[in-house]
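Coordinates in review
These are the residues of each chain, in order.
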Amino acid sequence: MRAAQDATIPDVIAPGLRVLFCGINPGLWSGATGHHFARPGNRFWPALHRSGFTPRQFRPDEQRQLLDLGLGITNVAPRATAKADELTADELRAGGAALTERVLRLRPRALAVLGIGAYRTAFGRRTATIGRQPEGIGDTEVWVLPNPSGLNAHYTLDALAAEFAGLREAVTAAAR
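Summarised in this report is the structure supplied together with it. (Residues numbered from 1 in each chain as written. Predicted model: local features only at pLDDT ≥ 70, side-chain atom pairs only at ≥ 80, totals over all residues. Heavy atoms only, no water.)

On to the packing of aromatic side chains, then. Enumeration over the complete set of coordinates arrives at 7 aromatic pairs. Where Phe 44 meets Trp 45, the ring centres are 5.0 Å apart and the plane angle is 85°; that geometry is what we call edge-to-face. For the pair formed by Phe 44 and Trp 45, the shared burial category is buried. Each member of the aromatic cluster is reached from another via a ring pair, and the members are Phe 21, Phe 37, Phe 44, Trp 45, Phe 53 and Phe 164. (Phe/Tyr/Trp six-rings, centres within 6.5 Å; stacked < 30°, edge-to-face > 60°. Buried < 20%, exposed > 50% of the residue type's maximum accessible area, 1.4 Å probe, protein only.)

What follows is the structure, given as structure tokens:
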């Protein structure tokens, strides 16, 4: 897996998505496989399904099928690391600026950043909390959801899925 250190993986993106999910950065499993949230034990795919975003639990190698559902995946920082804390604050801030440009270009209905600490650093929002943020990016709502990594012991899978479901319900209601 160490061979995947600093690897990058392609975004799963398109213009006009319902939700663009944004991880902190790829882990080594993702760097090695080229698939987002690929590490066994990462709870992104189960939370996405349990929250009602997907009709079944997708595997990381099925990530491109998310586009058919109006969903996409990107990262704040592009390079793969063993742990997100290997990223510097400068990398996260640069990633936040690049993410802002991506969102303004693609115009998803909502951006969901998966990790409160990374969001606070990348966007300079020290007091941000989980949930919908008061500041959007252009016409895009910004949400912060818990990091789905298995290393995030603060949230059970059920609690994580509930946070994802809150986003899904808000995006669905806004589309009506």
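Moving on: the side chain of Glu 141. Among the structural elements, Glu 141 can be located in strand 5 (residues 141-145). Leaving out residues up to four positions away in the same chain, Glu 141 has contacts with Arg 109, Ala 110, Leu 111 and Arg 132. (Helix = DSSP H or I, 4+ residues; strand = E, 2+ residues; numbered from the N terminus. Contact = heavy atoms within 4.5 Å.)

Residues Val 19, Phe 21, Phe 44, Phe 164 and Leu 167 are the most contacted members of the largest nonpolar core, which totals 23 residues. When residues of this core are traced back to their parent elements, those giving at least two are strand 1 (19-23), helix 2 (44-50), strand 2 (71-75), strand 3 (110-114), strand 5 and helix 5 (157-175). At 5 residues, the largest contribution of residues to this core is made by helix 5. Leu 167 has contacts with Val 19, Phe 21, Phe 53, Ala 110, Ala 112, Trp 143 and Leu 145, leaving out every residue within four places of it along the chain. By size, the runner-up hydrophobic cluster in this structure holds 20 residues, among which are Leu 20, Cys 22, Ala 122 and Phe 123. (Core = buried A, V, L, I, M, F, W, Y, C linked by side-chain atoms within 4.5 Å.)

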